[in-house]
Amino acid sequence: MVGKQVPEFSLPDKDGKNWQNTALLQGKKLLLIDFWASWCGPCRKSIPTLKEIYKEFSGKGLEIVSISTDKKEDDWRKALEEEQFPWPSLWDTQNVFPEKFNGKAIPMFILVDENGVVLDDTV
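Now for a look at the structure at hand. It should be emphasised that the depicted structure is a prediction, and the values quoted were computed from it without experimental measurement.

## A look at the packing of aromatic side chains
All told, the structure shown has 7 aromatic pairs when counted by the stated rule. Considering the side-chain rings of Phe 35 and Phe 97, the 4.8 Å spacing of their centres and the 40 degrees angle between planes classify their relative orientation as tilted. One end of the pair, Phe 35, is in strand β3 (residues 30-36); the other, Phe 97, is in helix α4 (residues 96-100), and 62 residues separate them in sequence. Phe 35 sits in the buried class, given a relative accessible area of 0%. Taking the relative accessible area as the measure of exposure, Phe 97 reaches 8% and is therefore buried. Plain terms: the ring middles of Phe 85 and Trp 87 are 5.2 Å apart, the flat faces sit at 40 degrees to each other, and that makes the pair tilted. The exposure class of Trp 87 is buried, given its relative accessible area of 5%.

## Looking at helix α2 (residues 41-57)
Along its 17 residues, α2 runs 25 Å from first to last C-alpha, staying within 8% of the 24 Å computed at 1.5 Å per residue. By the largest-angle criterion, Ile 47 marks the main kink of α2, which is about 30 degrees, and a proline, Pro 48, follows within four residues. Within α2 the residues assigned to the buried category are Cys 43, Arg 44, Ser 46, Ile 47, Leu 50 and Tyr 54. Buried residues along α2 sit against β3, β4 (62-68), α3 (73-83) and β6 (108-113).

## Side note on the nonpolar core
One finds Phe 9, Ile 33, Phe 35, Ile 67, Phe 101 and Ile 110 to be the most contacted residues of the largest nonpolar core, which totals 36 residues. Here this core gets 5 residues from one element, more than from any other, and that element is β3.

Calculation criteria
- Residues numbered from 1 in each chain as written.
- Predicted model: local features only at pLDDT ≥ 70, side-chain atom pairs only at ≥ 80, totals over all residues.
- Heavy atoms only, no water.
- Phe/Tyr/Trp six-rings, centres within 6.5 Å; stacked < 30°, edge-to-face > 60°.
- Helix = DSSP H or I, 4+ residues; strand = E, 2+ residues; numbered from the N terminus.
- Buried < 20%, exposed > 50% of the residue type's maximum accessible area, 1.4 Å probe, protein only.
- Expected span 1.5 Å × (residues − 1).
- Bend = angle between axes of the 7 residues up to and from the residue.
- Contact = heavy atoms within 4.5 Å.
- Core = buried A, V, L, I, M, F, W, Y, C linked by side-chain atoms within 4.5 Å.

Next comes the structure, spelled out in structure tokens:
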């Protein structure tokens, strides 16, 4: 995906508000997309580091969005309560992870520039 336009998506947050990747990028220099799940140990282990990165760089143009691949909404909501993300957290209700991002394993991180171009994709 590096060098290509990030796929369009529109997914709900815990309040039912739909977020599009274009809205997440507005006024930002970088967007870090974090694909994760409540049951994924390595995903949950990476959250404190993501919080540190967010704290240091959110005021400098970085936005993070976590997209859960959980199958059960209750599992996702419970993890949200436990983790308390300071950035938008969305639920992949449309299978964008496997279908649009060719995702096969989590955690998966995708770094996108202000023009929507993928700079890096890491599993």
